[in-house]
Amino acid sequence: MDEEFYKKVLETEDFKEYNFESEIEKTFSKINILVGQNNSGKSRLIRKIFAHPLFKDTKSDVNINSINKVVKEAKNTLLKALQSSHIISVSDPIKLTEKIIEENLQTLEDPLDFSNNIFPDIKRIKEFLEMLVVTKHIGTHSFKIHPMKDVLLQGFQSMKDHLTFFSELDELYFSKENLVYIPILRGLRPLQGHTDVFYDRTTADYFNKSKKLGKGSFADLLKDEGFENRIIFTGLTFYEKVKELKNEVEEKRHQITGFEKFLGENVFGEKIEITAVERTGVVHIKIGKETERPIYDLGDGIQSLIILTFPLFIYENAVFFIEEPEFMIHPGLQRKYLELLQQNDGTQQYFLTTHSNHFLDLTLDYNQISILATKKLPDEKFEIKVLSSGDKGLLRELGVQNSSVFLSNCTIWVEGVTDRLYLKKYLELYFKKNKINFIEDIHYSFVEYGGNNITHWSFLDEDTDKKTINAERIAGKAFVIVDKDGDTKLERKEKLEKQLGDDLCILPCEEIENTLSSEVIKDIIKKYEKGIEDKQFSNFKYKDYKNQKLGKFIEEKAFKEYSPKRKGGYKEPSGTLKEKLSFCNKALDVLEDEDQLTEEVRKLLNKIKEFIERNNPK
């Protein structure tokens, strides 16, 4: 819903008990999650929005300002065309007067406002433009356009463009909108015949007291003009709705077939069919080749998911207000549910209340989600403020300890700082080229173990050696990368391989610097050796130095008839690179594309990607 609309709603008397963070309406997204302690005003807020009289026929993504802008442009275009040209009346050969122009342009005069139902206004403007463009007359004054007046012809071409805009609004943007409230009181097993007693209880408790609801009750409100689109779905009418949709024409049946497809692919893993069985008055479900059985034979969590997802398929153009969707649902299904909300197109918007830390964890993976924290104040008012995904203050709002959320889902263990910097850059290039959306410190994090300190860690949860630190208890699943180092540390590597299996990677070369391609190494050297030319390098390849001490190799074999000028040279006494961090920083400047990486580096990055995928299931 347009932010100007929400601003108008929240400024009404109905919300005087709420202290909203400044311009909170600008933070509303496709999915809005309200968190807070019990009795902090979450449910009361979404019920007030749901029942507010300003919600009538306006679609959720209409921008009233953009509509008024086009209305104003249409008026100005027409005025310019009429006032700068001679329009001759067929019935009365007199120049069209200013008075006639003024009278007939009143249709485009007043700005539209969400405080009224704007659908009739849109229809009126569209009809006026059709009258101008198609029939070429204003009121009772028929007219023809002088063939020499190009500006007038251009003016009416612009009118056609404006007419197209309003025709699209009429057809696409202003279909009847539904507001769907799913209360915490819900179920799939009918009570007292087919009476929806949960609906009766919900309306009596939540929507029977406000004077804004018409004649004193929610049922009366639904009868008022413009409010037929309020729906309370408890699940107890599921049987009747399935029966109705199964008997509908094909363009309506797609709603139930789409729902069956969603459940089959995301919940049951095979094709399902839902049927309303008249002899029992109960919905039955057939899963794959299994025997058909009544819906109440399913687990309560699956039944709850059905209640939460079914309305999404039958009310396509709607704003949903959902109480605690996690109720009885496993965290894995909570993820499926949030994915469904995220994937649905722009015709739906959601307001959810929750106490689930799992929902908050999932917000790190998706865009178009706002988190609103509610708090009860001493003066019987409520405070509403916006929080960001990953804010640990959210955990305190829910009484959750930070051990359960907002930790990276897996870790990549490297020897030191340069290993981390190289791999960080390699992954950045690899993910960009392959359009992979993993984010550091959310989906994975790096850990530096400091060479020989790797022996202080155990990577098996069941390891009983009390001398080591259990890595999984602190940093989750680990992918460990170690240098090749010849056979000097073979025993350590064998132990790590036993603990980690495929999640241990021994570099295919001497050290991390040796993973650089020959062209990248030459470009780094050029930064040290100002003015060196390509012909002054030897024709060395990756295979020539992959298992060599890189510092020693550069000094002794990288040049052809050239003496390096770098102060102090390139090698330490051991032969390894001198000032590795400086060399690394120059490498990071040079690396710009995944094509600069060696084939062996790509294989390593693919292994890391597969490890991250396993630990960040969708």
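Since we're looking at a predicted model, the values are computed, not measured. (Residues numbered from 1 in each chain as written. Predicted model: local features only at pLDDT ≥ 70, side-chain atom pairs only at ≥ 80, totals over all residues. Heavy atoms only, no water.)

Enquirer: Hey, could you go over the overall build of the protein chain for me, with residue numbers and the actual values?
Expert: Within the protein chain one finds 22 helices and 20 strands. Burial analysis of the protein chain (618 residues in total) assigns 50% to the buried set. In the protein chain, the share of contacts with a sequence separation of at least 24, taken over all contacts with a separation of at least 6, comes to 72%. Accessible surface for the protein chain amounts to roughly 31000 Å². Of this, 47% is attributable to carbon and sulfur atoms. (Helix = DSSP H or I, 4+ residues; strand = E, 2+ residues; numbered from the N terminus. Buried < 20%, exposed > 50% of the residue type's maximum accessible area, 1.4 Å probe, protein only. Contact = heavy atoms within 4.5 Å. Areas by Shrake-Rupley, 256 points an atom, 1.4 Å probe, with all protein chains shown as cover.)

Enquirer: Run through the pattern of salt bridges, naming residues and quoting values.
Expert: Counted according to the given criterion, the structure contains 29 salt bridges. Between K7 and E11 there is a salt bridge, with the nearest N and O atoms lying 2.7 Å from each other. On the basis of relative accessibility, which here comes to 31%, the residue K7 falls in the partly exposed class. The exposure class assigned to E11 is exposed, which follows from its relative accessible area of 56%. Across the pair K425 and E428 runs a salt bridge, and its minimum N-O distance is 3.8 Å. Separated by 3 residues within a single helix, K425 and E428 lie in helix α15 (residues 417-433), roughly one turn from each other. Look at the salt bridges and you will find they share partners, linking K433, E594, D595, E599 and R602 into a network. (Salt bridge = Lys/Arg side-chain N within 4 Å of Asp/Glu carboxyl O.)

Enquirer: Explain the confidence of the model for the protein chain to me, and be specific about the residues and the numbers.
Expert: Looking at the protein chain as a whole, its pLDDT mean stands at 76, while 68% of the residues score no less than 70. Taken together, the stretch residues 133-153 has pLDDT below 50 and engages in 48 contacts with residues farther than four places along the chain or on a different chain. pLDDT under 50 marks residues 171-176. Its contacts with residues more than four places away, or in other chains, come to 17 contacts. (pLDDT = per-residue confidence, 0-100.)

Enquirer: Describe the packing of aromatic side chains, naming the residues involved and giving the relevant values.
Expert: For any pair of aromatic rings, the description consists of the separation of the ring centres together with the inter-plane angle of the planes. A full pass over the atoms with the stated rule returns 30 aromatic pairs. Taking 6.0 Å as the distance between ring centres and 85° as the angle between the ring planes, the aromatic pair formed by Y444 and F446 counts as edge-to-face. Since its relative accessible area comes to 13%, F446 is described here as buried. Among the aromatic residues, ring-to-ring pairing joins F233, F238, F259, F262, F310 and F313 into one connected group. Taking NZ or CZ as reference, K522 lies 5.1 Å from the ring centre of F540, over its face. (Phe/Tyr/Trp six-rings, centres within 6.5 Å; stacked < 30°, edge-to-face > 60°. Lys NZ or Arg CZ within 6 Å of the ring centre and 35° of its normal.)

Enquirer: Describe the packing of helix α9 (residues 238-246) against helix α11 (residues 300-314), listing the residues and the values that go with them.
Expert: Interhelical geometry of α9 versus α11 gives an angle of 35° and a closest axis separation of 12 Å. The way α9 lies across α11 gives a crossing that is left-handed. Contacts between α9 and α11 pair F238, K241, V242 and L245 from the former with I306, F310 and I314 from the latter. Split by residue class, the contact of α9 with α11 holds 6 nonpolar, no polar and 1 charged. (Axes fitted to C-alpha atoms, helices over the stretch in contact; angles between N-to-C directions. Left-handed = near helix turned anticlockwise from the far one by under 90°. Nonpolar A, V, L, I, M, F, W, Y, C, P; charged D, E, K, R; others polar.)

Enquirer: Would you mind going over the side chain of K522 in detail, with residue names and values included?
Expert: Along the polypeptide, K522 turns up in helix α18 (residues 518-528). On the basis of relative accessibility, which here comes to 12%, the residue K522 falls in the buried class. Excluding anything up to four places from it in sequence, K522 contacts F537, S538 and F540.

Enquirer: I'd like to hear about the nonpolar core, residue by residue, with values.
Expert: Counting residues in each nonpolar core, the largest one holds 53 residues, and the members touching the most others are F238, F259, I295, I306 and F310. At 9 residues, α11 tops the list of elements feeding residues into this core. Among all residues touching I295, those that are not within four sequence positions of it are L188, F238, V282, V283, H284, I285, Q303 and I306. Counting 52 residues, the second largest nonpolar core, distinct from the first, contains L423, F431, F438 and I512. (Core = buried A, V, L, I, M, F, W, Y, C linked by side-chain atoms within 4.5 Å.)

Enquirer: Describe in detail the packing of α15 against helix α22 (residues 599-614), supporting the description with residues and values.
Expert: Contact geometry of α15 with α22 gives a least axis separation of 10 Å together with a crossing angle of 80°. One way to sum up the angle between α15 and α22 is to call them roughly perpendicular. Here L423, Y426, L427, Y430 and F431 of α15 lie close against α22, whose contacting residues are V601, R602, L604, L605, N606, I608, K609 and I612. Partitioned by chemical class, the residues of the contact of α15 with α22 number 10 nonpolar, 1 polar and 2 charged. (Parallel < 35°, antiparallel > 145°, perpendicular 65-115°, else oblique.)

Enquirer: So, a nonpolar patch on the surface: which residues are in play, and what are the values?
Expert: A cluster of nonpolar side chains, I184, L185, Y206, F327 and M328, forms an exposed patch at the surface whose accessible area comes to about 400 Å². With respect to the secondary-structure elements, F327 resides in the loop between β11 (318-323) and α12 (331-343). Residue classification places F327 among the partly exposed positions, given a relative accessible area of 36%. (Patch = residues over 30% accessible without salt bridge, like charges linked within 9 Å, V, L, I, M, F, W, Y side chains within 5 Å.)

Enquirer: Any chance you could break down the side chain of T354 for me, citing the residues and the numbers?
Expert: Relative to the elements of secondary structure, T354 occurs in strand β12 (residues 348-354). The class of T354 is buried, set by a relative accessible area of 1%. Polar side-chain contacts of T354 include one of 2.9 Å to the side chain of E326. (Polar contact = N/O pair within 3.5 Å; in protein donor to acceptor, adjacent residues only side chain to side chain.)

Enquirer: Any details on the sheet that holds strand β15 (residues 410-414)? Residues and values, ideally.
Expert: Strands pair in a sheet through their backbones, by hydrogen bonds, and they do so in one of two ways: parallel or antiparallel. In spatial order, the strands read β16-β15-β19-β20; together these 4 strands make up an open sheet with parallel pairing. Taken across any chain shown, the strands that pair with only one partner, and hence form the sheet edges, are β16 (445-448) and β20 (504-506). Here the strands of the sheet are splayed against their neighbours by 20° on average, with no regard to which way each runs. Bridge count between β15 and β16: 4 bridges; the pairing is parallel. (Pairing = 2+ DSSP bridges.)

Enquirer: I'd like a rundown of the sheet that holds strand β6 (residues 178-182), residues and numbers included.
Expert: Here we have 8 strands laid out as an open sheet, ordered β1-β14-β13-β2-β12-β11-β6-β7, and mixed in their pairing. Every interior strand has two partners, whereas the edge strands, β1 (18-20) and β7 (230-232), have only one. Ignoring which end each strand starts from, the neighbouring axes of this sheet average 20° apart. By the bridge criterion, 6 bridges tie strand β13 (residues 369-376) to strand β14 (residues 382-387) in an arrangement that is antiparallel. Paired with L372 across the two strands is V386, which belongs to β14. Here α11 sits on the sheet and contacts β6, β11 and β12; the angle it forms with β6, its principal contact strand, is near 175°.

Enquirer: Any chance you could break down helix α7 (residues 197-206) for me, citing the residues and the numbers?
Expert: Those residues of α7 that sit buried are F198, T202 and T203. The buried residues of α7 all sit within an arc of 125° when viewed along its axis, so they share a single face. (Arc of directions from axis to C-beta.)

Enquirer: Please give an account of the pairing of strand β19 (residues 477-482) that cites residues and values.
Expert: Among the 6 residues of β19, 5 are classified as buried, and the element is accordingly described as predominantly covered. In terms of strand pairing, β15 meets β19 through 4 bridges, oriented parallel. By the bridge assignment for β19, W413 is matched with V480. Relative to β20, β19 runs parallel, the two sharing 3 bridges. Residue V480 lies in a different strand from β20, and its bridge partner there is L504.

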